Amino acid sequence: MGNLFAAPDAGEAAAMASLAADDAQLELRAKVQAFGKRVGPTTRLPLTISTAMLDPALLQHLLTCSIFHLPEGKLIKNGFTRNVDHPSVPGHIYYEGYFHGLQSTKPVTSINPRLGHNFAKPAGPLPLRAFTEAFRRINDDLVRRALRIGQPQAALASLYERGWQFADLAVQIHAADRIGPEKVGWHIDAFNSMLHLAVSLQGRRALHVEHVPDPAQTEGEKHSYWQAPGDVYLSLPNAFGHGVEYSETAWDSRIIAVQIRFLMTEEDFAMQLQDLTPTVESVAAVLAEGNFRLPTLQEVLAVEKEWGK
C-alpha cells in the first residue's frame, strides 16, 4: 500500500468484501467518473480516475534508472524497506523506497508516506525527478485550477508554492507469490494523495476500486483495472476505497510501480484537520476534463540537461 491510510467504515468494508465474487475486471484505458468515500448518510465524495500511457521510448528511458536493476540483497542499502502488508501470503515479496523529485540532489526533510514521520528523504534518480518536473511544468494550469490556487482557503496552496506537487516518489517492487482479489488490502489514502500520479513500469497489477455512479447510493460497487507497463493514472485516492492485486512473478520480472504524491512535512500534514471537501470536489471536476498530458522523452531529457546531467 505504501501510504498513510484510513480504513473504510464498517459498512463500506463489508460492502467491499461482499462484492469480491462478482468483481468486474476492466482494462484501465478510459476515464472513470463516479463517487467514492461516504461523507454523510446520503452522499459521497466525487472521484475521477484519468488515464494515459507513457510513450514507449520514455518508458524505456525511465527503466534505465539503476534502482530498478538492483539485486534484492542491495535494496535495503539503497533506500528501500522490506514490508509485509499481507501476512497471510508469506511468499509475497514487497519492497518500497522513498525519494524526492525536486531539483536538489540533497535529502529533503519530509514525511515517510508510510509511517508519517519526518526523515531525510534522498533524491530520486535523475530521470524520475526530471519526469516529475516535466509533468509539473506542462500541467501547471490544470493543477492551479484543481487546487483552487489564488482563491480563498486554497488548502494546499503552500505546497504548490514550494513546487512540492508530484514531488514525493514511492518506488514499489513486488514479486513471488500472487496477491489475489480476496487478499487485496483495502484502504483510503491520506490527503497527500489529493493529486496522485501512479506509473506502472514493469509487470502487471490491478487497481481495485470501490465506487458508485450515484452519490446517494448506499451499497458500493467494486471494479478492478489492470495496468500494464506504461499505464499511468492521475486521481485522488484519498476520496475512495481501493487496493491492489499483484500477479505471481519471478524476481527477474518483478512488478515495479511509482506512486507520486505531494511532498510534505509532518507540520504540513496537520492540514488534514481542515475541511478539504471543496478541494476534493475541485480536483475531481478538473480531472474529469481529461486534459492532463504526460511529458515526452524530449521534454524529460531537456530537464535532465537543465538540471546538470
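As a reminder, the structure under discussion sits directly above these lines.
None of these values were measured; they are calculated from a predicted model.

Structurally, serine 235 can be placed in strand S14 (residues 231–235). A distance of 2.7 Å separates the side chain of serine 235 from the backbone oxygen of threonine 48, its partner in a polar contact. The contacts of serine 235, once residues within four sequence positions are left out, are Thr48, Ile49, Ser193, Met194, Leu195, His196, Phe240 and Leu287.

All right, on to the nonpolar core then. General note: in soluble globular proteins, nonpolar side chains tend to be found buried as a group. Counting 90 residues, the largest nonpolar core has Leu54, Phe68, Phe131 and Leu201 as the members making the most contacts within it. By residue number, the principal contributor to this core is helix H3 (residues 126–138), which donates 6 residues. The contacts of phenylalanine 131, once residues within four sequence positions are left out, are Leu54, Leu58, Leu62, Leu197, Val199, Ile260, Leu294, Pro295 and Val300.

Per the stated rule, a full pass over the model turns up 5 aromatic pairs. Seen from their ring centres, phenylalanine 80 and phenylalanine 99 are 5.8 Å apart, and the 65 degrees between their planes marks the pair as edge-to-face. Highlighted residues: phenylalanine 80 in strand S5 (residues 80–82) and phenylalanine 99 in strand S6 (residues 92–100), separated in sequence by 19 residues. Accessibility expressed as a relative area gives 2% for phenylalanine 80, which makes it buried. On the basis of an interplanar angle of 80 degrees and a centroid distance of 4.9 Å, the ring pair of phenylalanine 135 and phenylalanine 166 is categorised as edge-to-face. One end of the pair, phenylalanine 135, is in helix H3; the other, phenylalanine 166, is in the loop between helix H5 (157–162) and strand S9 (168–176), and 31 residues separate them in sequence. Through successive ring pairs, a cluster of aromatic residues spans Phe135, Phe166 and Phe292. Lying across the ring of tryptophan 164, arginine 162 places its NZ or CZ 4.7 Å from the centre.

Moving on: unusual backbone geometry. One non-glycine residue with positive phi stands out, namely arginine 148, at about 60 degrees. With respect to the secondary-structure elements, arginine 148 resides in the loop between helix H4 (140–146) and H5. Of note in the backbone geometry, alanine 176 takes a positive phi value of approximately 70 degrees without being a glycine. Relative to the elements of secondary structure, alanine 176 occurs in strand S9. Judged by its relative accessible area of 19%, alanine 176 is buried.

Where burial is concerned, most of strand S15 (residues 242–246) is hidden: 5 out of the 5 residues are buried. Burial along S15 is two-sided: His242, Val244 and Tyr246 and Gly243 and Glu245, pointing in opposite directions, are all buried. Pairing of strand S12 (residues 205–211) with S15 involves 5 bridges; the strand directions are antiparallel. Across the sheet, alanine 206 pairs through a bridge with glutamate 245, a residue of S15.

Below, the discussion takes up the pattern of salt bridges. In this structure the tally under the stated criterion is 11 salt bridges. In this structure, aspartate 85 engages arginine 114 in a salt bridge whose closest nitrogen and oxygen atoms are separated by 2.4 Å. Within this pair, whereas aspartate 85 is found in the loop between S5 and S6, its partner arginine 114 is found in the loop between strand S7 (108–111) and strand S8 (118–121), the two being separated by 29 residues in sequence. On the basis of relative accessible area, arginine 114 is assigned to the partly exposed category, the value being 22%. Aspartate 141 is the partner of arginine 145 in a salt bridge, and the nearest nitrogen-oxygen pair spans 3.3 Å. Within this pair, arginine 145 and its partner aspartate 141 are both found in helix H4, separated by 4 residues, close to a single helical turn. Residue arginine 145 is classed as partly exposed on the basis of its relative accessible area, which comes to 33%. A cluster of three or more residues bridged by salt bridges with shared partners is formed by Glu133, Arg136, Arg137 and Glu306.

Thresholds applied
Residues numbered from 1 in each chain as written. Predicted model: local features only at pLDDT ≥ 70, side-chain atom pairs only at ≥ 80, totals over all residues. Heavy atoms only, no water. Helix = DSSP H or I, 4+ residues; strand = E, 2+ residues; numbered from the N terminus. Polar contact = N/O pair within 3.5 Å; in protein donor to acceptor, adjacent residues only side chain to side chain. Contact = heavy atoms within 4.5 Å. Core = buried A, V, L, I, M, F, W, Y, C linked by side-chain atoms within 4.5 Å. Buried < 20%, exposed > 50% of the residue type's maximum accessible area, 1.4 Å probe, protein only. Phe/Tyr/Trp six-rings, centres within 6.5 Å; stacked < 30°, edge-to-face > 60°. Lys NZ or Arg CZ within 6 Å of the ring centre and 35° of its normal. Pairing = 2+ DSSP bridges. Salt bridge = Lys/Arg side-chain N within 4 Å of Asp/Glu carboxyl O.

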